[in-house]
Amino acid sequence: MKHPFAMVATALCVCVTLGTQPAPAQSTATVRGTVRDGYGSPIAAAEVTVAGTSLTTRTSDDGTYTLRSVPASLVEITARRLGYVAASRKVQTADKDEVVADWILVPAATQMRPVSVTARRQPSDRRLEGFRNRLEAKRTGYFI
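Residues numbered from 1 in each chain as written. Predicted model: local features only at pLDDT ≥ 70, side-chain atom pairs only at ≥ 80, totals over all residues. Heavy atoms only, no water.

1. As for the overall build of the protein
Now for step 1: Regarding its fold elements, the protein presents two helices and eight strands.
Now for step 2: Starting at the N terminus, the α and β elements of the protein follow one another as α-β-β-β-β-β-β-β-β-α.
Now for step 3: Buried positions account for 20% of the 144 residues belonging to the protein.
Now for step 4: The long-range share in the protein, meaning contacts at least 24 apart out of those at least 6 apart in sequence, stands at 48%.
Now for step 5: On the protein, roughly 11600 Å² of surface is accessible, and the fraction owed to carbon and sulfur atoms is 56%. (Helix = DSSP H or I, 4+ residues; strand = E, 2+ residues; numbered from the N terminus. Buried < 20%, exposed > 50% of the residue type's maximum accessible area, 1.4 Å probe, protein only. Contact = heavy atoms within 4.5 Å. Areas by Shrake-Rupley, 256 points an atom, 1.4 Å probe, with all protein chains shown as cover.)

And the structure:
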């Protein structure tokens, strides 16, 4: 039977040797593109995200965006903007340095509830009654 100290030292050497091996680097890609509406106009401030990651960006004023460090695999990318229907699709980024993914977002038709506006006449001050009468008569002149 081996000495207990020798077994601990051997186990420690194995752990240190395994722990110093560099982890394989995961390759990444860059996804860039443009987000437009159905008329071809760019959509500014649209959010473009990669599902399952914290990668997100917003489009610039000309509708362009760039996502860096996207995992090299089949990823799902979503583009969305308030007032438009969100669009998602899978993009293959493996073995590619740069992928172009352009989007066309469709306006979202929203049905709003009717708005009812009611106005009440403000209580009148007797001292201002003459002033209000002249103001409502729309005669020429200045009212101070």
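After presenting the structure, the write-up continues.
2. Considering the pattern of salt bridges
Now for step 1: Within this structure, the stated rule accounts for three salt bridges.
Now for step 2: We note a salt bridge from Arg 32 to Glu 98, for which the minimum N-O separation is 3.0 Å. Taken together, the residues Arg 32 in strand β1 (residues 28–37) and Glu 98 in strand β7 (residues 98–100) connect sequence positions 66 residues apart.
Now for step 3: Residue classification places Arg 32 among the partly exposed residues on the basis of a relative accessible area of 29%.
Now for step 4: Assessed through its relative accessible area of 43%, Glu 98 is described here as partly exposed.
Now for step 5: A salt bridge links Glu 47 to Arg 58, with the shortest nitrogen-to-oxygen separation between them at 4.0 Å. With Glu 47 in strand β2 (residues 47–50) and Arg 58 in strand β3 (residues 56–58), the pair connects residues that are 11 residues apart, well separated along the chain.
Now for step 6: The structure contains a network of salt bridges with shared partners spanning Glu 47, Arg 58 and Arg 80. (Salt bridge = Lys/Arg side-chain N within 4 Å of Asp/Glu carboxyl O.)

3. Description of the nonpolar core
Now for step 1: Core analysis: the largest hydrophobic core is formed by 17 residues, its most contacted members being Val 31, Val 35, Val 48, Tyr 65, Leu 67, Ile 77 and Trp 103.
Now for step 2: If you list the elements that add at least two residues to this core, you get β1, β2, β4 (64–71), β5 (74–80) and β8 (103–105).
Now for step 3: Among residues more than four places away in sequence, those in contact with Trp 103 are Thr 34, Val 35, Arg 36, Tyr 65, Ile 77, Ala 79, Ala 87, Ser 88 and Arg 89. (Core = buried A, V, L, I, M, F, W, Y, C linked by side-chain atoms within 4.5 Å.)

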